Amino acid sequence: MFKTVTDGQLEYLVAENLPARHGFTTRYGGVSTGCLASMNIGTHRDDRPENVFANYRILGNAIGFDPQKLVLSKQTHTDNVLVVGTPQWGAGLFAPELPECDGLITNTPGTALTVFTADCTPILLCDPVTGAVGAVHAGWRGTAADIAGKAVRKMADAFGCRPENIRAAIGPNIAQCCFETDGDVPEAMLRAFGEAAKQYVRAYGDKYYVNLKEINALALLRAGVTDIVIMPHCTCCDPDRFWSHRVVGQKRGSQGAIIVCKEGNP
């Protein structure tokens, strides 16, 4: 269902159900140094810009995208999903940032969509019929706002995608084993998804453990997507391999997910 790809020191994860070029990055294989070592793709982590550019070039060579055609999200834990294309190439990297958005979709060939995570849930979408792709950053607020489902519906509205044709991959995040919360998080999930969300919330004393992977999968299923791969990796359990805000705090880099719209006919 998924596999680990290595190229020298570089390591990233791919989902076998996605026909588009893509990757969920790890901490391995970049040129960033110090507390950001080594594969940091975040542009707001106090990294040297030349290191971030170099990291994207490394990933571009491995995954198969042109860094000049990258579009980076501007994440603020919203449910905003933007349609992007050629005019947005370079946004957030060497061109002005986009408006606030935690989801990107495109059907422009060659466009490489990028979202960032360090415990939140990355989701990649691909419709092999139309060639459209999407990338979503789902924190718990975005999850409760159904950003995954909204991205699917926006792909249908903007590009004529049929949800049943869309394939989804849910990448590494802080898994239920480590995502300890107060009552506000499960309450938000129950408001959004009703009784079905209860099976993904576990109470322990006055705290709760919430499975954001499965709740996002539920959102995708309700939007009509049935081909969903869920990667089991927990960023908090494995902070040497993945960036984890809960473990490291602000002195960290960002990993993320990148997906490329296929050039040529779908």
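Overview of the structure.

### A closer look at the pattern of salt bridges
Reasoning step 1: Taken as a whole, this structure holds ten salt bridges when the rule is applied.
Reasoning step 2: Across the pair Arg 48 and Glu 50 runs a salt bridge whose closest N-O atoms are separated by 2.6 Å.
Reasoning step 3: Arg 48 sits in the exposed class, given a relative accessible area of 51%.

### Focus on the pairing of strand S7 (residues 112–117)
Reasoning step 1: Counting buried residues in S7 gives six out of six residues, a clear majority hidden from the surface.
Reasoning step 2: Residues Ala 112, Thr 114 and Phe 116 line one face of S7 and the alternating positions Leu 113, Val 115 and Thr 117 line the opposite face, and both faces are buried.
Reasoning step 3: As judged from the three bridges shared by strand S4 (residues 70–72) and S7, these two strands associate in the parallel manner. Opposite Leu 70, over in S7, you have Ala 112 as the bridge partner.

### Side note on helix H3 (residues 147–159)
Since one α-helical turn is 3.6 residues long, residues separated by three or four positions face the same way.
Reasoning step 1: Taking 1.5 Å per residue, 13 residues should reach 18 Å; H3 reaches 18 Å between its end C-alpha atoms and fits that length.
Reasoning step 2: Ile 147, Ala 148, Gly 149, Ala 151, Val 152, Met 155 and Phe 159 are the residues of H3 that are buried.
Reasoning step 3: In this fold, the buried residues of H3 make contact with strand S5 (81–83), strand S6 (103–106), strand S8 (121–126), strand S9 (133–138), helix H2 (140–144) and helix H5 (212–222).
Reasoning step 4: Of the residues one or two after H3, Gly 160 is the one with positive phi, at around 75 degrees.

How each quantity is defined
Chains are numbered independently. Their residues run from 1 in the order of the written sequence. Restriction of local features to residues with pLDDT of at least 70 applies here, the model being predicted, together with a cutoff of 80 or more for giving and counting side-chain atom pairs; totals for whole chains, interfaces and linings are based on all residues. Each side-chain value is worked out from all heavy atoms of the structure, with water and hydrogens disregarded. Salt bridges are counted wherever a side-chain nitrogen of Lys or Arg sits within 4 Å of a carboxyl oxygen of Asp or Glu. Summary of the burial criterion: residues with accessible area below 20% of their type's maximum are buried, those above 50% are exposed, and those between are partly exposed, where the area comes from a 1.4 Å probe applied to protein chains only. The secondary structure listing takes helices from DSSP runs of H or I that are at least 4 residues long and strands from runs of E that are at least 2 residues long, numbered from the N terminus. Any two strands with at least two DSSP bridges between them are considered paired. What a helix should span is 1.5 Å times the count of its residues minus one. Whether two residues are in contact is decided by their heavy atoms, any of which lying within 4.5 Å being enough.

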